[in-house]
Number of protein chains: 2
Amino acid sequence: MNSKPKRLTREQTEQKILLAAEDVFALYGFQGAAINSIAELTGLTKQNLLYYFPSKEVLYQKVLENILDLWLAKMALFAQRGDDPKTMITSYIQGKLDISRTHPNGSKVFANEIIQGAPRLREYLIAHLLPLLEDDVALINLWIKQGRMDPVDPYHLFFMIWASTQTYADFSSQIELVLGKSKLDEQDFEQANAFLTNLIIKGLGIK
Amino acid sequence: MNSKPKRLTREQTEQKILLAAEDVFALYGFQGAAINSIAELTGLTKQNLLYYFPSKEVLYQKVLENILDLWLAKMALFAQRGDDPKTMITSYIQGKLDISRTHPNGSKVFANEIIQGAPRLREYLIAHLLPLLEDDVALINLWIKQGRMDPVDPYHLFFMIWASTQTYADFSSQIELVLGKSKLDEQDFEQANAFLTNLIIKGLGIK
DNA sequence: GTCTATAAGGGGATAGAC
DNA sequence: GTCTATCCCCTTATAGAC
């Protein structure tokens, strides 16, 4: 065993930087974030940070990439267990809320990017999100055709689920303020999950 | 009549600046926005802009204030016409979507501020939003007690309505991308309205 | 009210010693 | 890999002429 835990491998240092970068980009967006703040959070100098990531742009892209990989893995309705509408939609909502709970800063970085018009994400979304979504939309339409749920617009259904699950990450400060808590805990997420699942399943006419 | 339309009154100039400021703050948040960009959009020099608003901070506060005044006027469930759950919630959803459609940039400025933890808004929200919301929550609880809707958590209901209506402003770029449109039109908002209203009314067990 | 000039500091990024 | 020093541009803001 190595008795010098102070020395980090290159990969460990990069991970520390990426974590700090996620925090700062989440708060201030790309333009508003200062790599100096990220360096300080990591315990490095700005110059040293630039040794690991050659530019702010590259660092930001890496942060975005990491989030999106996690995202898309759980994104697809098709990726859920089960094969009936109730089970799969329930699982989908739970999965989205889990991400909001465990990766709130990633969600905020994504939110900032979308608010800005997704300038650094547009092509990625077209290439990766849209194909997955089309499959999911087709599945919803099949369920509708089979009479297993009410005829609704699948796209607006997804917009609603995305918004109302991500809000527990992106707008957590407002929710905490309303609920009078300093931080959302697991119980809050369970209540959110119960509320959303019941409302959506019933609202879609799913038995 | 004055034949020199070039000369603007002080108030008109201030309005032009505030409009441009809303655009830029919406895109980049407080830190990321440059008053130079705002000045250019307005056709002024940066120095001249600072003649009308003494600092970036003051300008931002003014922009926030304008949005919030509009916001809270339509915010209350109590402010809606009608007196039965179906009519009032329908009107509430419509009102929120109207704001997203007519003031997308205001919504984005608000979103950026909340993502940052609402540092410049916290006190205002506590003083003005919370009291209104408590009344609305009490109304929902009354309706539940009267058996006019299912027993749900009123807070999470409002979080859901806020998120799924504001998403059409804040995340419009993602929605436009998915729907293959360059800009959301009135028809899109009508479809969103129909979808959300049906889902929520039915999901809450309101007849 | 609008301009030029300029202060004073922060930003991202590079060079080179160690 | 980490440091000091430095470049150069952009930022907010002020001073003062017109």
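Up top is the structure.
Residues numbered from 1 in each chain as written. Chains lettered and ligands numbered in written order. Predicted model: local features only at pLDDT ≥ 70, side-chain atom pairs only at ≥ 80, totals over all residues. Heavy atoms only, no water.

## Some points on the protein's contact with DNA strand C
This is how it is decided: A cutoff of 4 Å decides nearness: a residue is near a molecule or strand if any of its heavy atoms lies inside that distance of it. Under the rule applied, a polar contact is a pair of N or O atoms within 3.5 Å (in protein, one hydrogen donor and one hydrogen acceptor; residues adjacent in sequence only if both atoms are side-chain atoms). Starting at the N terminus, helices and strands are each numbered in turn, a helix being any DSSP run of H or I of at least four residues and a strand any DSSP run of E of at least two. Residue polarity is assigned by list, with Asp, Glu, Lys and Arg as charged and Ala, Val, Leu, Ile, Met, Phe, Trp, Tyr, Cys and Pro as nonpolar; anything else, Gly included, falls into the polar class.
As a matter of local geometry, DNA strand C sits amid 15 residues, with Lys-46, Gln-47 and Lys-56 of chain A together with Gln-47 and Tyr-52 of chain B nearest to it. Considering the 4 Å shell around the protein, atoms of DNA strand C inside it are sugar or phosphate in 59% of instances. With respect to DNA strand C, the side chain of Asn-48 of chain B contributes an N or O atom lying 3.1 Å from a sugar or linking oxygen. Residue assignment for the surface near DNA strand C shows that the elements contributing at least two residues are helix H2 (35–42) and helix H3 (46–52) of chain A together with helix H3 (46–52) of chain B. In terms of residues, the surface near DNA strand C owes the most to one element, H3 of chain B, which gives four residues. Along the lines of polarity and charge, the residues of the surface near DNA strand C split into six nonpolar, six polar and three charged.

## What about the nonpolar core?
Inclusion rule: We call a set of buried Ala, Val, Leu, Ile, Met, Phe, Trp, Tyr and Cys residues a nonpolar core when their side-chain atoms join them within 4.5 Å. When a residue's accessible area, from a 1.4 Å probe over protein chains only, is under 20% of the maximum for its type it is buried; when over 50% it is exposed; and in between it is partly exposed. Note on definitions: a residue-residue contact is assigned when non-hydrogen atoms from the two residues lie within 4.5 Å.
Residues Phe-25 and Ile-200 of chain A together with Phe-25, Ile-38, Leu-59 and Ile-200 of chain B are the most contacted members of the largest nonpolar core, which totals 139 residues. Apart from the residues within four sequence positions on either side, Phe-25 of chain A is in contact with Phe-30, Ala-33, Ile-38, Lys-56, Leu-59, Tyr-60, Val-63, Val-109 and Asn-112 of chain A.

## What about the relation of the copies chain A and chain B?
Note the threshold: Only residues with pLDDT of at least 70 in both copies count here: their C-alpha atoms drive the least-squares fit that superposes the copies.
Screw-axis analysis of chain A against chain B gives a translation of 0.0 Å along the axis, an RMSD of 0.0 Å, and a rotation angle of 180 degrees. Accordingly, the operation relating the two chain copies is best matched by a two-fold axis.

## Considering helix H5 (residues 85–102) of chain A
Formally: A helix's residues, less one, multiplied by 1.5 Å, set its expected span.
Taking 1.5 Å as the rise per residue, H5 of chain A with 18 residues should run 26 Å; its terminal C-alpha atoms sit 26 Å apart, in good agreement. At its buried positions, H5 of chain A is contacted by helix H4 (56–75), helix H6 (104–115), helix H7 (122–145), helix H8 (154–170) and helix H10 (186–203) of chain A.

## Remarks on helix H9 (residues 172–179) of chain B
The element H9 of chain B is largely enclosed, with a buried count of seven among its eight residues. Buried within H9 of chain B are the following residues: Ser-172, Ser-173, Gln-174, Ile-175, Glu-176, Leu-177 and Val-178 of chain B. In this fold, the buried residues of H9 of chain B make contact with H6, H7 and H8 of chain A together with helix H6 (104–115) and helix H8 (154–170) of chain B. In the stretch just after H9 of chain B, Gly-180 of chain B is the one whose phi turns positive, near 70 degrees.

## What to know about the packing of helix H9 (residues 172–179) of chain A against helix H7 (residues 122–145) of chain B
Let me state the cut-off plainly: Inter-axis angles, ranging from 0 to 180 degrees, are taken between N-to-C directions of lines fitted to C-alpha atoms, where helices are fitted over the stretch in contact. Angles below 35 degrees are treated as roughly parallel, those above 145 as roughly antiparallel, those between 65 and 115 as roughly perpendicular, and all remaining angles as oblique. Left-handed describes a crossing whose near helix is turned anticlockwise from the far helix through less than a right angle; right-handed describes the clockwise counterpart.
Contact pair H9 of chain A / H7 of chain B: the axes reach a minimum separation of 10 Å and the direction vectors enclose 60 degrees. Here H7 of chain B runs oblique to H9 of chain A, going by the angle between their axes. Read as a crossing pair, H9 of chain A and H7 of chain B show a hand that is right-handed. Judged by residue contacts, Gln-174, Leu-177 and Val-178 of chain A of H9 of chain A engage Arg-122, Leu-125, Ile-126, Leu-129, Leu-130 and Leu-133 of chain B from H7 of chain B. The residue makeup of the contact of H9 of chain A with H7 of chain B, split by class, is seven nonpolar, one polar and one charged.

## Description of unusual backbone geometry
Residue and element names in this part refer to chain A. If you check the backbone angles, Ala-118 has positive phi at about 55 degrees while not being a glycine. Assignment of secondary structure puts Ala-118 in the loop between H6 and H7. In this structure Ala-118 comes out as buried when scored by relative accessible area, which is 1%.

As far as function goes, none of this settles anything; it's purely spatial.
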